[in-house]
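# Close look at the chain arrangement
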Amino acid sequence: GTFYADIEVEADVSITSLSGGTTFHGSDDHTIFNVETDSVTLTMSEVALTNGSGDGLAYSELAFSDSGGGVHCDASAVVELTDVTITDSFGTIGGGIASEGCDISLTDSQVDGGVGEYGGGIFIGDALLTLTDSSVVDSDAEYGGGVFAYQGNVTMVDSLLDGNTADFAGGLYA
């Protein structure tokens, strides 16, 4: 089913779709999953996140609001996504995903059609981004159409950055 969501994650959460047909929809005006609590883990598998919009959630070091349309993580936490798609999301910082100090891993997952000023698909700051058998495609930003890494580390294994556009660095800006 489809769930219209604006979810604050304050404890360990694991979400698995048994049928693979679960979609969390941000209604074009909400970050779908927001993690601001240290030492928690958000684990998702076989779900879709769509039409999220960073809604006033700030990335502190760059002083921008509207961060992470699909997932916003501003804590010493972990987000693990397996067989997850994030589509058509917006955030000034990180259209699909925005992280400040939060390690993010994507396995067999895709970020598609994200829009932002810094990291159309993903923004990673002061943390680790690991892409395994995953892709960031068709996203757009002023800096880092696919991924923008600000004092963050990016590891890619059998993964793809493709069709991303930006004024500076279409695929990866680091």
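Residues numbered from 1 in each chain as written. Predicted model: local features only at pLDDT ≥ 70, side-chain atom pairs only at ≥ 80, totals over all residues. Heavy atoms only, no water.

### Focus on the sheet that holds strand β2 (residues 7-9)
- The seven strands lie next to each other as β2-β5-β8-β11-β14-β18-β22, forming an open sheet whose pairing is parallel. Each end of this open sheet is capped by a strand with a single partner; those strands are β2 and β22 (172-173).
- Inspection of the sheet shows strand β11 (residues 97-100) paired to strand β14 (residues 122-125) by four bridges, in the parallel sense. Looking at the pairing, A98 lines up with F123 of β14. (Pairing = 2+ DSSP bridges. Helix = DSSP H or I, 4+ residues; strand = E, 2+ residues; numbered from the N terminus.)

### Topic: the environment of T92
- In this structure, T92 sits in the loop between β10 (85-87) and β11.
- T92 sits 31 residues away from F123 along the chain, and the two C-alpha atoms are 9.7 Å apart.

### Quick look at the environment of N51
- Along the chain, the position of N51 falls in the loop between β7 (47-50) and β8 (71-73).
- It is 27 Å that separates the C-alpha atoms of N51 and N153, two residues lying 102 residues apart in sequence.
- If we ignore the near neighbours within four places in the chain, the residues touching N51 are H25, G26, S27, D28, D29, T87, D88 and S89.
- Within the structure, the side chain of N51 is placed 3.0 Å from the side chain of T50, a separation counted as a polar contact. (Contact = heavy atoms within 4.5 Å. Polar contact = N/O pair within 3.5 Å; in protein donor to acceptor, adjacent residues only side chain to side chain.)

### With respect to the sheet that holds strand β3 (residues 13-16)
- In space, the six strands of this open sheet follow the order β3-β6-β9-β12-β15-β19, with parallel pairing throughout. The strands lining the two open edges of the sheet, one partner per strand, are β3 and β19 (153-157). On average, each strand axis in the sheet is tilted by 5 degrees relative to the strand beside it, whichever way the strands run.
- Note that strand β12 (residues 103-107) and strand β15 (residues 128-132) share four bridges and pair parallel. Pairing of T107 across the sheet is with T132, part of β15. (Axes fitted to C-alpha atoms, helices over the stretch in contact; angles between N-to-C directions.)

### Observations concerning unusual backbone geometry
- Not every positive phi belongs to a glycine, and D108 is a case in point at roughly 50 degrees.
- Of note, D108 is situated in the loop between β12 and β13 (110-112).
- The exposure class of D108 is partly exposed, given its relative accessible area of 44%.
- A positive phi angle, near 50 degrees, is found at D138, a position not held by glycine.
- As for its placement among the helices and strands, D138 is situated in the loop between β16 (135-137) and β17 (140-143). (Buried < 20%, exposed > 50% of the residue type's maximum accessible area, 1.4 Å probe, protein only.)

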